Amino acid sequence: YGKRRTAYHLPRIGDCPMSAPTCPTIVFEPLQEADLFACYTLCQNTFGECPAFAEVQETFAQCQSDPHYNFLVGKINGQIAAYTSMIFYHNLFDGTSPIVSLWYVCVDPAYRRMGVGTALFQEIERLARARNCEIITFTALSNNQAAHRFYESLGYRKDAEQAFVKYLYEDFQQ
């Protein structure tokens, strides 16, 4: 994974053909510390969660050198347009190939319905295949039907398994 950058043309912006030299390009790369606040703002605006920025900085410092964590950003003209956290892990009973779990999949509202989300998932899948993953898993809010339709259009399906979540931090807030 390292510092590799991958670019995709976005033909839906301005309806330009893919071969046109003026088509915008989204470049995917690992999140860098210099972009951390812009990414923090995107996630805050998308999900409405407000951890302290200092906590985000601390977590980034703890995880950035761990090869199991990939913080992926997509940039258009140098601005962050998409983000996800990718966590690679093994399960003893799912064979020798790793699984990748996504958390905080988001696209800036200004870039939605322009191919950015599709490009993000193409890059996620490219990275997962490069590490020989057999499964990509993530959750989506049950009421976000537009996102469900989008994921299904990319070949993802609602599995027979149901995600269960317990937010332990709520215990501390009481």
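Structural data are supplied above this passage.
Residues numbered from 1 in each chain as written. Predicted model: local features only at pLDDT ≥ 70, side-chain atom pairs only at ≥ 80, totals over all residues. Heavy atoms only, no water.

Caption draft 1: Expanded view of the pattern of salt bridges. Evaluated as defined, the whole model comprises 4 salt bridges. A salt bridge links E125 to R129, with the nearest nitrogen and oxygen atoms 3.7 Å apart. Of this pair, E125 and R129 both sit in helix α3 (residues 116-130), 4 residues apart, which is roughly one turn of the helix. Since its relative accessible area comes to 58%, R129 is described here as exposed. Several salt bridges share partner residues, and in doing so they unite E29, D35 and K75 into one network. (Salt bridge = Lys/Arg side-chain N within 4 Å of Asp/Glu carboxyl O. Helix = DSSP H or I, 4+ residues; strand = E, 2+ residues; numbered from the N terminus. Buried < 20%, exposed > 50% of the residue type's maximum accessible area, 1.4 Å probe, protein only.)

Caption draft 2: Main features of helix α1 (residues 36-47). The end-to-end C-alpha separation of α1 is 16 Å, in line with the 16 Å expected for 12 residues at 1.5 Å each. All buried positions along α1 are accounted for by L36, C39, Y40, L42 and C43. Buried residues along α1 cover an arc of 160° about the axis, so they all sit on one side. Looking at the buried residues of α1, the elements they touch are α2 (53-63), β3 (69-76), β4 (79-89) and β5 (99-107). Note on α1: the residue one or two positions beyond its end, G48, has a positive phi of about 70°. (Expected span 1.5 Å × (residues − 1). Arc of directions from axis to C-beta. Contact = heavy atoms within 4.5 Å.)

Caption draft 3: Layout of the packing of aromatic side chains. Counted under the stated rule, the structure contains 13 aromatic pairs. Aromatic side chains F47 and Y104 sit 4.6 Å apart centroid to centroid with 70° between the ring planes, which places their arrangement in the edge-to-face category. Of the two residues, F47 is situated in helix α1 and Y104 in strand β5; the sequence distance between them amounts to 57 residues. Owing to a relative accessible area of 22%, Y104 belongs among the partly exposed residues under this scheme. Ring centres of F121 and Y156 lie 5.4 Å apart, and the angle between their planes is 65°; this geometry places the pair in the edge-to-face category. (Phe/Tyr/Trp six-rings, centres within 6.5 Å; stacked < 30°, edge-to-face > 60°.)

Caption draft 4: Main features of the sheet that holds strand β6 (residues 135-137). With respect to topology, 6 strands assemble into an open sheet ordered β1-β2-β3-β4-β5-β6, the strand pairing being mixed. In this open sheet, the two edge strands, each paired with only one partner strand, are β1 (6-9) and β6. Taken over all neighbouring pairs, the strand axes of this sheet differ in orientation by 25° on average, direction set aside. As defined by bridge partners, β1 adjoins strand β2 (residues 25-30) across 4 bridges and the pair is classed as antiparallel. Bridge pairing links Y8 to I26 in β2. (Pairing = 2+ DSSP bridges. Axes fitted to C-alpha atoms, helices over the stretch in contact; angles between N-to-C directions.)

Caption draft 5: Up close: the nonpolar core. Residues I26, M86 and V116 are the most contacted members of the largest nonpolar core, which totals 26 residues. At the level of elements, β2, β3, β4, β5, α3 and α4 (145-153) are the ones that each hand at least two residues to this core. With 14 residues, the next largest nonpolar core counts Y40, F71, Y83 and C106 among its residues. (Core = buried A, V, L, I, M, F, W, Y, C linked by side-chain atoms within 4.5 Å.)

Caption draft 6: Region of interest: the pairing of β2. Counting buried positions along β2 yields 5 of 6 residues, so the element is predominantly enclosed. Bridge count for β2 against β3 is 5 bridges, and the pairing is antiparallel. What sits directly across from P30, in β3, is L72.

Caption draft 7: A look at the environment of Y156. In this fold, Y156 is placed in the loop between α4 and α5 (169-173). Taking the C-alpha atoms as reference, Y156 lies 9.2 Å from T137; in sequence the two are 19 residues apart. Setting aside chain neighbours within four positions, we find Y156 in contact with F121, E125, I136, F138 and Y151. For Y156, the side chain forms a polar contact with the side chain of E125, separated by 2.8 Å. (Polar contact = N/O pair within 3.5 Å; in protein donor to acceptor, adjacent residues only side chain to side chain.)

This is a description of form; function is not addressed.
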